[in-house]
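Results of the structural survey
Residues per chain are reported as follows:
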Amino acid sequence: MSKLSGIKVVDLSLFLPGPMLTLMMADQGAQVIKIEPLAGDPSRDQGPFEGGQSVWFRNLNRGKDCRRVDLKSDAGREELWALVETADVFVEGFRPGVMKRLGFDYDAVAARNRRIVYCSISAFGQTGAFAHHPAHDLAVQAMAGFLSLNDSVEGTPVVPGVPSADLAAGLTGLSAVLMALIGREKSGQGDYVDCAMFDSLMPWCAHTVGLAIQGGEAPRSASQRSLGGAAFYQVYATRDARHVVLGGREEKFVANLMAALGRPELTALALRPAGEQHALVDFLTATFATRTRDEWVTWFADKNVAFSPVLDFREALDQPHVAERGLLVQADSGHVIRSAIRFRHG
């Protein structure tokens, strides 16, 4: 039996965070009923398409019972109430106040189903000065300070490749929902989850912005050990204009590489504070420029150093490791990325 068999989820969320939350539940056997507006989830219309369906929509909404419902009509509201009365979980991603206007805020829903776990996902939360401010991932990252560290060599912030605020909210929301379900087993009472993308992202800065957290100055990438100030946590260009990374600052990795390059005396430079390793960065920059990316991959094969080539997604998805782990599979409707959650039993 799947871990969440018997759990019924009503999902009114769109785009990324909410659909990812409920997808992870559906993958573990939960019955997820996705309620879409009459026009459908906007991700349905976002290309590319495969088999007549958006790859984005399919990968976040597979295994769900998708229904288009007009919640402004009496019939639509009655349909949703019928689902709510027997649901375990209710997920919505509208701006604060929308669900109350529709008549499906937590107080109204809990009055009919006291056991329900109700999760609201929003950009900045249900309370506070920014509660009603419209925002998607990029704007939340900007307001949370994270975009300032996603900068170019010139120090200019660039659009990040990972929707970190969406990702953090989806995982935080899932964790909170599962905690509330466990708590319900003890109390018999459901709960309300106020899941903000902004709040969800904030805890993930502890390893990089410690000085600011304690009231000091904001960090700058060039002086941070994990953001570009360390030689062994750094991106380097290769002779063929591709890139590789050193992704581990442990002394053993430093010693292994510097010995292999015939410069063991430079090991001590990697142990200096971040931002004070320019001489080592310069040496490694010149060194990596002498071979192609793939030549370095071959050279590093037996070196026991935290090294990786920088792959594009075509290269990443075509790796044997992806096939060995079964991460990309061909379903009846097209390609899907498999759930990362795996259990030995069930």
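For the structure given in this document, a descriptive report is provided here. Quantities reported herein were computed from a predicted structural model and do not represent experimental measurements. (Residues numbered from 1 in each chain as written. Predicted model: local features only at pLDDT ≥ 70, side-chain atom pairs only at ≥ 80, totals over all residues. Heavy atoms only, no water.)

**Details of the overall build of the chain**
Per the secondary structure count, the chain includes 14 helices and 13 strands. Here the chain holds 346 residues, and 41% of them are scored as buried. Long-range pairs, those at least 24 residues apart, make up 63% of the contacts in the chain between residues at least 6 apart in sequence. For the chain, the exposed area adds up to about 18500 Å²; of that, 56% sits on carbon and sulfur atoms. The centroid of the 35 positive side-chain charges in the chain is displaced by 4 Å from the centroid of its 39 negative side-chain charges. (Helix = DSSP H or I, 4+ residues; strand = E, 2+ residues; numbered from the N terminus. Buried < 20%, exposed > 50% of the residue type's maximum accessible area, 1.4 Å probe, protein only. Contact = heavy atoms within 4.5 Å. Areas by Shrake-Rupley, 256 points an atom, 1.4 Å probe, with all protein chains shown as cover. Lys, Arg positive; Asp, Glu negative; His and termini not counted. Charge placed at Lys NZ, Arg CZ, Asp CG, Glu CD.)

**Brief notes about the sheet that holds strand E7 (residues 117-122)**
The six strands lie next to each other as E5-E2-E1-E6-E7-E8, forming an open sheet whose pairing is parallel. Unpaired on one side and paired on the other, strand E5 (65-68) and strand E8 (191-196) mark the two borders of the sheet. Each adjacent strand pair in this sheet contributes to an overall mean axis angle of 15°, direction not counted. Where strand E6 (residues 89-92) lies against E7, four bridges are found, and the strand directions are parallel. Counterpart to Phe-90 in the pairing with E7 is Tyr-118. Sheet strands in contact with helix H7 (residues 164-187) are E6, E7 and E8, and its direction is about 165° off that of E7. (Pairing = 2+ DSSP bridges. Axes fitted to C-alpha atoms, helices over the stretch in contact; angles between N-to-C directions.)

**A closer look at the nonpolar core**
Counting residues in hydrophobic clusters, the biggest one holds 35 residues, and the most contacted among them are Val-9, Met-25, Val-89, Cys-119 and Val-140. Counting residues per element, the ones that place at least two in this core are helix H1 (17-27), E6, E7, helix H6 (137-144), H7, E8 and helix H8 (197-201). Looking at which element gives the most residues to this core, the answer is H7, with seven residues. If we ignore the near neighbours within four places in the chain, the residues touching Met-25 are Leu-4, Ile-7, Val-9, Ala-30, Val-89, Leu-174, Val-177, Leu-178 and Leu-181. With 21 residues, the next largest nonpolar core counts Val-10, Ile-33, Ile-35 and Tyr-106 among its residues. (Core = buried A, V, L, I, M, F, W, Y, C linked by side-chain atoms within 4.5 Å.)

**Thoughts on the pattern of salt bridges**
Oppositely charged side chains are able to pair whenever their charged atoms sit close together. What the rule picks out here adds up to 19 salt bridges. Note that Arg-239 is salt-bridged to Glu-295, the shortest N-O span being 3.6 Å. Of the two residues, Arg-239 sits in the loop between strand E9 (233-237) and strand E10 (243-247) while Glu-295 sits in helix H12 (residues 293-300), which places them 56 residues apart along the sequence. Here Glu-295 falls in the partly exposed class, since its relative accessible area comes to 35%. Arg-263 is the partner of Glu-265 in a salt bridge, and the nearest nitrogen-oxygen pair spans 2.4 Å. Look at Glu-265 and you get partly exposed, because its relative accessible area is 49%. Classification of Arg-263 by relative accessible area gives partly exposed; the value is 30%. (Salt bridge = Lys/Arg side-chain N within 4 Å of Asp/Glu carboxyl O.)

**With respect to the sheet that holds E10**
The strand order across the open sheet formed by three strands is E9-E10-E11, and the pairing between neighbours is antiparallel. The sheet is open, and its two edges are formed by E9 and strand E11 (307-309), each paired on a single side. Neighbour to neighbour, the strand axes of the sheet diverge by 20° on average, direction disregarded. In this structure, E9 lies alongside E10, joined through five bridges in antiparallel fashion. Within E10, the residue paired with Ala-237 across the bridge is His-243. Against the sheet, H12 touches E10 and E11, its axis set at about 150° to E11.

**Quick word on H6**
Within H6, the full set of buried residues consists of Asp-137, Val-140, Gln-141 and Ala-144. End-on, the buried residues of H6 take up no more than an arc of 100°, which puts them together on one face. On its buried face, H6 is in contact with H7 and H8. (Arc of directions from axis to C-beta.)

**As for the side chain of Asp-11**
Within the secondary structure, Asp-11 sits in strand E1 (residues 8-11). Residue Asp-11 is classed as buried on the basis of its relative accessible area, which comes to 0%. At a separation of 2.5 Å, a polar atom in the side chain of Asp-11 contacts the side chain of Ser-13. For Asp-11, the residues in contact, after removing those within four places along its chain, are Gly-18, Pro-19, Thr-22, Val-32, Ile-33, Lys-34, Ile-35, Lys-64 and Val-91. (Polar contact = N/O pair within 3.5 Å; in protein donor to acceptor, adjacent residues only side chain to side chain.)

**Focus: the packing of aromatic side chains**
Counting across every chain of the model gives 14 aromatic pairs. On the basis of an interplanar angle of 25° and a centroid distance of 4.6 Å, the ring pair of Phe-90 and Tyr-118 is categorised as stacked. Of this pair, Phe-90 sits in strand E6 while Tyr-118 sits in strand E7, and the two are 28 residues apart along the sequence. Since its relative accessible area comes to 0%, Phe-90 is described here as buried. With a centroid separation of 5.3 Å and an interplanar angle of 85°, the aromatic rings of Trp-296 and Trp-299 are classed as edge-to-face. (Phe/Tyr/Trp six-rings, centres within 6.5 Å; stacked < 30°, edge-to-face > 60°.)

**Comments concerning the packing of H1 against H7**
At a closest axis distance of 8 Å, the pairing of H1 and H7 adopts a crossing angle of 45°. One way to sum up the angle between H1 and H7 is to call them oblique. As H1 runs across H7, the sense of the crossing is right-handed. Along its contact with H1, which presents Pro-17, Leu-21, Met-24 and Met-25, the element H7 presents Asp-166, Ala-169, Gly-170, Leu-171, Gly-173, Leu-174, Val-177, Leu-178 and Leu-181. Partitioned by chemical class, the residues of the contact of H1 with H7 number 10 nonpolar, two polar and one charged. (Parallel < 35°, antiparallel > 145°, perpendicular 65-115°, else oblique. Left-handed = near helix turned anticlockwise from the far one by under 90°. Nonpolar A, V, L, I, M, F, W, Y, C, P; charged D, E, K, R; others polar.)

It is worth stressing that arrangement in space is one thing and function is another; only the former is reported here.
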